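# Summary of the model geometry
Below are the chains, spelled out letter by letter.
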Amino acid sequence: GESVGLHLPTLSVQEGDNSIINCAYSNSASDYFIWYKQESGKGPQFIIDIRSNMDKRQGQRVTVLLNKTVKHLSLQIAATQPGDSAVYFCAETDNGATNKLIFGTGTLLAVQP
Amino acid sequence: DTAVSQTPKYLVTQMGNDKSIKCEQNLGHDTMYWYKQDSKKFLKIMFSYNNKELIINETVPNRFSPKSPDKAHLNLHINSLELGDSAVYFCASSRQGATGNTIYFGEGSWLTVV
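Residues numbered from 1 in each chain as written. Chains lettered and ligands numbered in written order. Predicted model: local features only at pLDDT ≥ 70, side-chain atom pairs only at ≥ 80, totals over all residues. Heavy atoms only, no water.

## Some points on the overall build of chain A
- Scanning chain A for helices and strands turns up zero helices and eleven strands.
- Listing each helix as α and each strand as β along chain A from the N terminus yields β-β-β-β-β-β-β-β-β-β-β.
- Per-residue burial for chain A yields a buried fraction of 46% across its 113 residues.
- A separation threshold of at least 6 residues defines the contact pool for chain A, and within that pool the share at least 24 residues apart is 52%. (Helix = DSSP H or I, 4+ residues; strand = E, 2+ residues; numbered from the N terminus. Buried < 20%, exposed > 50% of the residue type's maximum accessible area, 1.4 Å probe, protein only. Contact = heavy atoms within 4.5 Å.)

Encoded structure:
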């Protein structure tokens, strides 16, 4: 069945460094991927998305890379700040009749001052 | 202004009780969702409604009954609460369908069943 998973459940980085959060997905039919950020006590917040016809998309300080050959997704955060500390989720749509969003297990990003 | 708002934020109740969580979105979206997040932070969809019509029901026990009086509201009613229902419940909304449309989440409702 479909599944989305993360390689690293916890990532600790120094403030100012770049962060890379990885995600593997198994459904090769998925055509839309999203990264969400969830701060403590809050709901998931959209960061950036990418369609399967792209391999890279950039936002403000964030970049998402998609490698469809190995079904891998990554989120790069430049110059990581304390405010980036949160749980990050990748998600994919199942591209089926119900068009639902399937979330990965989440990675905790801890930014050290 | 809160785009997706849900109430209550915190709810502590005893086993066997019936409770409801309300959700409203002011984004003009057609589709609304309920997600459940367990203690390990795993987020899983429960229900999805499009223009008041149920389109996703993810093998959720029938003690959970969503109600959509109009496309801006999707309430979640839970009967005979069990300890395992303790979780954070997130309401969300998007334009029609999840593909290519950003899903906006509410702040969550922390349900504790004792």
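We are not done yet, so read on.
## Points about the interface of chain B and chain A
- The partner chain A presents 19 residues to the 23 residues of chain B that form the contact.
- Three residues stand out in chain B for area buried against chain A, namely Leu43, Thr99 and Phe105 of chain B, and they jointly supply 27% of the buried area on that side.
- Remark: the boundary between chain B and chain A carries one salt bridge.
- With its nearest N and O atoms 2.8 Å apart, the salt bridge here joins Lys100 of chain A to Glu58 of chain B.
- Linking chain B with chain A are five residue pairs in polar contact (both at pLDDT 80 or more), by the criterion used here.
- Per-class residue counts for the side of chain B that touches chain A are eleven nonpolar, seven polar and five charged. (Buried area = accessible area lost by both parts, 1.4 Å probe. Salt bridge = Lys/Arg side-chain N within 4 Å of Asp/Glu carboxyl O. Polar contact = N/O pair within 3.5 Å; in protein donor to acceptor, adjacent residues only side chain to side chain. Nonpolar A, V, L, I, M, F, W, Y, C, P; charged D, E, K, R; others polar.)

## Considering the pattern of salt bridges
- For the coordinates displayed, the defined rule picks out seven salt bridges over all chains.
- Ionic contacts of the salt-bridge type, sharing partners, join the residues Lys100 of chain A together with Lys44 and Glu58 of chain B into one network.

## Describing the confidence of the model for chain B
- When pLDDT is averaged along chain B, the result is 92, and 96% of the positions lie at 70 or above.
- The element-level mean pLDDT for chain B is lowest in strand 6 (residues 53-57) of chain B, coming to 85, with strand 3 (residues 19-25) of chain B highest at 98. (pLDDT = per-residue confidence, 0-100.)

## Regarding the packing of aromatic side chains
- The full count for this structure, using the stated rule, is 13 aromatic pairs over all chains.
- Here Phe103 of chain A and Tyr35 of chain B contribute two aromatic rings whose centre-to-centre distance is 5.5 Å and whose plane-to-plane angle is 85 degrees, an arrangement assigned as edge-to-face. Of this pair, Phe103 of chain A sits in strand 10 (residues 101-103) while Tyr35 of chain B is found in strand 4 (residues 31-37), placing the two residues in two different chains. Each member of the pair, Phe103 of chain A as well as Tyr35 of chain B, carries the same accessibility label: buried.
- For the pair Phe64 of chain B and Tyr89 of chain B, a centre-to-centre distance of 6.3 Å together with 35 degrees between the ring planes defines the contact as tilted. Of the two residues, Phe64 of chain B sits in strand 7 (residues 64-70) while Tyr89 of chain B sits in strand 9 (residues 87-94), which places them 25 residues apart along the sequence.
- Using a relative accessible area of 6% as the deciding quantity, one classes Phe64 of chain B as buried. (Phe/Tyr/Trp six-rings, centres within 6.5 Å; stacked < 30°, edge-to-face > 60°.)

## A look at the state of the cysteines
Residue and element names in this part refer to chain A.
- Applying the stated rule across the entire model yields two disulfides over all chains.
- Each disulfide pairs two cysteine sulfurs, and for Cys23 the partner residue is Cys90, the sulfurs being separated by 1.8 Å. Residues Cys23 and Cys90 are joined by a disulfide whose S-S torsion is about 55 degrees; by sign, that bridge is right-handed. With Cys23 in strand 3 (residues 19-25) and Cys90 in strand 9 (residues 86-93), this pair connects stretches of sequence that are 67 residues apart.
- Judged by its relative accessible area of 1%, Cys23 is buried.
- Its relative accessible area of 0% is what places Cys90 among the buried residues. (Disulfide = S-S within 2.5 Å.)

## Quick notes on the side chain of Thr13 of chain B
All names here are of chain B.
- By secondary structure assignment, the location of Thr13 is in strand 2 (residues 10-13).
- Overall, Thr13 belongs to the buried group, its relative accessible area being 5%.
- Among the polar contacts made by the side chain of Thr13, one reaches the side chain of Asn17 at a distance of 2.9 Å.

## Considering unusual backbone geometry
- Omega for the bond connecting Thr7 of chain B with Pro8 of chain B falls within 30 degrees of zero, at 0 degrees, which places this linkage in the cis form.
- Relative to the elements of secondary structure, Pro8 of chain B occurs in the loop between strand 1 (4-7) and strand 2.
- Look at Arg61 of chain A: it is not a glycine, yet its phi comes out positive at around 65 degrees.
- Of note, Arg61 of chain A is situated in the loop between strand 6 (56-58) and strand 7 (62-67).
- Arg61 of chain A gets classed as partly exposed once you look at its relative accessible area, which sits at 29%.
- The backbone of Ala79 of chain A sits at a positive phi, close to 45 degrees, despite the residue not being glycine.
- Its location among the elements puts Ala79 of chain A in the loop between strand 8 (72-77) and strand 9.
- Here Ala79 of chain A falls in the partly exposed class, since its relative accessible area comes to 35%.

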